[in-house]
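# Examination of the molecular architecture
Next come the chains, spelled out residue by residue.
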Amino acid sequence: MKAIETGFMGRNINSTIGIVVALPSEAKALVGRRNWQEAEGFSYCRSFLKDGNELLVVQSGMGIGNAFSAARWLVGKNLGALGAFGVSGGLDPGLGPGDLVFADAVFMERENGIYRVWKRDESDSEAALDDLAAKGVTARWGPIVTVRQAVLNAAGKKALFDQTAAMAVDMETAGVAQVANQSELPFFAVRAVCDSADVSIPEALYQCVDQKGSPRIFYLFRLLLRRPLLVSHLLRMKRDFTVALGGAPHMRHYLSIYGGEVNE
């Protein structure tokens, strides 16, 4: 599939901006407490930017297939732009929890290799990142790679970084980018680093949430009874996740420059 080089920043978007997030916590961090509605298996909410444009956020659950389906649902809502937001693993050793990666390219892992599915329009404005830098926020343009299975250990992250030079890894962005390509919509993606490149996450703790991001309380309770030393890993994960979600206001600031501030 040929990557369509469509951008978002610097364009005049006069319609609904659709954003796919995987987890309820990411959605709450982005738009605050809202009355979420259900349609066709998706949870979504509507809010309005101060210039009158609509922001439509949908929770997809984890994984590229879920993100693709959620993005396809959004496309039917007369979008002017389509985007993805959420936390990610860090691949670039220079990035830490809470640092932001604004996609300038998106790669996708397939059975026979990793391929680029989207590239940023070089004419897009730099103003949002310049403004964030002036506020002391670490935000960089860089590639994002979407994989089929979570990359949980430092060795795996290093191998993926060496292969792709991507700054961040997730399991959803490429699914949304594919839909934007197919629909010829401007696309953007912003990822907040959660676990940095040198951090490994125990597989057992990763299994403590389901595909929709809901905690598996009884599983976690039994796990910690058997392996109490995992408590320190769990506390670190919680801390880093909270720091990463703190990047959501900067995403709102990004939208404020190119679409008006989000009404709370």
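Fair warning: this is a prediction, and the values are worked out from it, not measured in the lab.

### Things to note about the layout of surface pockets
Approximately 950 Å³ is the volume found for the largest pocket. Together, 37 residues line the largest pocket, and L23, Y206, V209, M237 and F241 are the ones closest to its centre. Counting only elements with at least two residues in the lining of the largest pocket, the list comes to helix 1 (24-31), strand 5 (79-90), strand 9 (168-170), strand 10 (187-195), helix 6 (203-206), helix 7 (217-226) and helix 8 (230-245). If you tally residues by element for the lining of the largest pocket, the top one is helix 8, at seven residues. Here the lining of the largest pocket is composed, by residue class, of 24 nonpolar, four polar and nine charged.

### Here we look at the confidence of the model for the protein chain
Per-chain confidence: the protein chain averages 86 in pLDDT, with 88% of residues scoring 70 or above. The spread of mean pLDDT over the elements of the protein chain runs between helix 9 (residues 248-259), the lowest at 69, and strand 9, the highest at 98. Note on residues 1-7: pLDDT under 50 across the span, and 27 contacts to partners over four residues away in sequence or across chains.

### Remarks on the environment of Y44
Structurally, Y44 is set in strand 3 (residues 42-48). Residues Y44 and R34, spaced ten residues apart in sequence, show a C-alpha to C-alpha distance of 9.5 Å.

### Quick notes on the environment of L49
Tracing the backbone shows L49 in the loop between strand 3 and strand 4 (54-59). Linking L49 and L255, residues 206 residues apart in sequence, is a C-alpha distance of 8.5 Å.

### With respect to the side chain of Q59
Considering the arrangement of structural elements, one finds Q59 in strand 4. Those residues within four positions of Q59 in sequence are excluded, and the remaining contacts are V21, L23, P24, A27, W36, F42 and S43.

### Observations concerning the pairing of strand 5
Counting buried positions over the twelve residues of strand 5 gives twelve, a clear majority of the element. When strand 1 (residues 16-21) meets strand 5, the two strands line up parallel, connected through five bridges. Each bridged residue has a counterpart across the sheet, and for G18 the counterpart in strand 5 is L82. As defined by bridge partners, strand 5 adjoins strand 10 across eight bridges and the pair is classed as parallel. The residue of strand 10 that forms the bridge with S88 is V193.

### Overview of the packing of helix 7 against helix 8
One can describe the packing of helix 7 onto helix 8 by two numbers: an axis separation of 9 Å at closest approach and a directional angle of 135 degrees. Relative to helix 8, helix 7 is oriented oblique. Here L220, L223 and L224 of helix 7 lie close against helix 8, whose contacting residues are L230, V231 and L234. A class-by-class count of the residues in the contact of helix 7 with helix 8 yields six nonpolar, no polar and no charged.

### A look at unusual backbone geometry
Glycine aside, residues mostly have negative phi angles, and peptide bonds mostly take the trans form. Positioned with a positive phi, E40 is a non-glycine residue whose angle comes to about 55 degrees. Along the chain, E40 turns up in the loop between strand 2 (37-39) and strand 3. A residue is classified by how much of its surface remains accessible, and E40, at 67% relative accessible area, is exposed. You will see that N78, though not glycine, has its phi angle at about 60 degrees, which is positive. Note that N78 resides in the loop between helix 2 (64-75) and strand 5.

### A word on the side chain of N181
Mapped onto the elements, N181 comes out in helix 5 (residues 173-183). According to the relative accessible area criterion, N181 is buried, its value standing at 3%. Side-chain polar atoms of N181 contact the backbone oxygen of V117, separated by 2.5 Å.

### Comments concerning the packing of aromatic side chains
Under the defined criterion, the tally for this structure stands at four aromatic pairs. Positioned above the aromatic ring of W141 is the side chain of R120, whose terminal nitrogen or guanidinium carbon lies 3.6 Å from the ring centre. The residue whose ring lies beneath R216 is Y219, and the NZ or CZ to ring-centre distance is 4.5 Å.

### With respect to the pairing of strand 3
Of all seven residues making up strand 3, five are buried, and the element is well covered by its neighbours. In sequence, strand 2 turns back onto strand 3 through a hairpin of two residues, with E40 there showing a positive phi of about 55 degrees. In terms of strand pairing, strand 3 meets strand 4 through six bridges, oriented antiparallel. If you follow R46 over to strand 4, its bridge partner there is L56.

So, how was this worked out
Residues numbered from 1 in each chain as written. Predicted model: local features only at pLDDT ≥ 70, side-chain atom pairs only at ≥ 80, totals over all residues. Heavy atoms only, no water. 1 Å grid on protein atoms, 1.4 Å probe; cavity = no way out; pocket = protein on both sides within 12 Å on 5 of 7 lines; lining within 4 Å. Points joined across faces, edges and corners; volume = space filled by probe spheres on them. Helix = DSSP H or I, 4+ residues; strand = E, 2+ residues; numbered from the N terminus. Nonpolar A, V, L, I, M, F, W, Y, C, P; charged D, E, K, R; others polar. pLDDT = per-residue confidence, 0-100. Contact = heavy atoms within 4.5 Å. Buried < 20%, exposed > 50% of the residue type's maximum accessible area, 1.4 Å probe, protein only. Pairing = 2+ DSSP bridges. Axes fitted to C-alpha atoms, helices over the stretch in contact; angles between N-to-C directions. Parallel < 35°, antiparallel > 145°, perpendicular 65-115°, else oblique. Polar contact = N/O pair within 3.5 Å; in protein donor to acceptor, adjacent residues only side chain to side chain. Phe/Tyr/Trp six-rings, centres within 6.5 Å; stacked < 30°, edge-to-face > 60°. Lys NZ or Arg CZ within 6 Å of the ring centre and 35° of its normal.

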